[in-house]
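So the chains spell out like this:
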Amino acid sequence: NQTGKIGGPWASFAPHVPRHLPSAGVADSPSPSSGRTDAARALEEFRARRRERFAVSAAPSYATASVTALAHAAGQPRPFAVATGRGMSWGSVLHRVLEASMRDPSLDLEAYAANVLAEEDRPALDLPEVLRTVAGVRESDLWKRALRARRCLVEVPFALRVDSTELGLRPSPAITVLQGAIDLVFEEEDGWVLIDYKSDTIDGNRDALLEFYEPQIVQYQRRWRTLTGRETRAGLYFIETGETVWIPE
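The shown structure was predicted, so the numbers you read here are calculated from the model rather than taken from an experiment. Each chain carries its own residue numbering, running from 1 in the written order of its sequence. A pLDDT threshold of at least 70 governs which residues receive local features in this predicted model, and a stricter bar of 80 or more applies before side-chain atom pairs are shown or counted, although totals over entire chains, interfaces and linings include all residues. In computing side-chain properties, one takes all heavy atoms of the structure into account and sets aside hydrogens as well as water.

The next thing to look at is the pattern of salt bridges. For this analysis, a salt bridge means a side-chain nitrogen from Lys or Arg found within 4 Å of a carboxyl oxygen belonging to Asp or Glu. Tallied over the entire structure, the rule returns 16 salt bridges. Among the ionic pairs, Glu-187 bridges to Arg-230, the shortest N-O distance being 2.6 Å. With Glu-187 in strand β3 (residues 175-188) and Arg-230 in the loop between α8 (206-228) and β5 (232-238), the pair connects residues that are 43 residues apart, well separated along the chain. On the basis of relative accessible area, Glu-187 is assigned to the buried category, the value being 4%. In DSSP terms, a helix is any run of H or I states spanning at least four residues, a strand is any run of E spanning at least two, and both are numbered starting from the N terminus. When a residue's accessible area, from a 1.4 Å probe over protein chains only, is under 20% of the maximum for its type it is buried; when over 50% it is exposed; and in between it is partly exposed.

Quick look at the structure:
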């Protein structure tokens with residue numbers, strides 16, 4: 001109050017309140033130029049830390065690659081593909097019909113193949129040849145062997161973490177997710193049998209085709225062994241001739 005005495009509800013605290021409070025004093029304020037320098041330095045340090053964090057977060061932790069792309073990384077064209085091949089859609093039709101036939105032997109293949117031809121923009125006139133070709137594969141010893149196997153799988157997708165340097169890629173990022181799809185694989189007593197269908201026309205180019213496709217099937221074989229932990233034999237099945245060519249161990 002105006003007399004300097006503490007009264008009212010605070011009266012009980014009066015004996016504990018010092019008569020003269022210490023002065024808070026006045027802190028020295030930095031000069032304007034010094035403040036601007038410190039702020040600029042702090043801002044630059046923050047920006048540097050942000051750049052470092054962005055660089056770390058922007059770096060990929062893994063890469064992706066397909067078996068087919070790696071096997072044909074050199075860009076070499078498929079032997080005689082232009083002269084004798086029927087295009088990718090023809091191979092796609094055969095692969096799809098063979099897959100469906102193995103999954104369901106009772107399937108109405110004529111109706112199914114007609115639909116696949118339409119989806120692949122192939123002429124309906126191709127239907128008789130598709131059916132003849134698929135029938136030839138189904139009559140092969142390899143097909144019957146697959147049907148007798150303890151397990152038989154078709155169009156099997158896979159993805160595996162692999163060291164990038166093992167694939168001949170740059171070491172950064174260190175891990176590559178290797179992807180692929182296997183046409184046919186079946187398990188027998190002594191291990192797995194892995195088959196890759198090839199629909200190429202064979203016309204004096206058999207050896208060149210084997211050389212072209214071997215890196216791909218070797219990768220499939222190696223990765224399937226990794227996935228299953230069992231011995232795996234791999235081969236190329238040329239649909240046109242009905243020949244199975246086994247890849248040397």
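Throughout, an axis means a line fitted to C-alpha atoms (over the contacting stretch in the case of helices), and angles, computed between N-to-C directions, take values from 0 to 180 degrees. In the contact formed by helix α4 (residues 88-103) and helix α5 (residues 109-119), the axes pass within 10 Å of each other and the chain directions differ by 150°. Relative to α5, the element α4 lies roughly antiparallel. Judged by the sense of rotation from one axis to the other, the crossing of α4 with α5 is right-handed. Two secondary-structure elements touch here, α4 through Val-93, Arg-96, Val-97, Ala-100 and Ser-101 and α5 through Leu-109, Tyr-112, Ala-113, Val-116, Leu-117 and Glu-119. Roughly parallel means an angle under 35 degrees; roughly antiparallel, over 145; roughly perpendicular, 65 to 115; everything else is oblique. Here a crossing is called left-handed whenever its near helix is offset anticlockwise from the far helix by less than a right angle, and right-handed whenever the offset is clockwise. Between two residues, a contact is recorded if the distance between any of their heavy atoms is within 4.5 Å.

Our next topic: the packing of aromatic side chains. Each Phe, Tyr or Trp ring (for Trp, its six-membered ring) is paired with any other whose centre lies within 6.5 Å, and the angle between the two planes then decides the class: stacked below 30 degrees, edge-to-face above 60, tilted in between. According to the stated counting rule, one finds 4 aromatic pairs in the structure shown. Only when the NZ atom of a Lys or the CZ atom of an Arg is both within 6 Å of the ring centre and within 35 degrees of the ring normal do we say a charge sits over the ring. When the ring centre of Tyr-213 is taken as reference, the NZ or CZ atom of Lys-198 above it lies at 4.0 Å.

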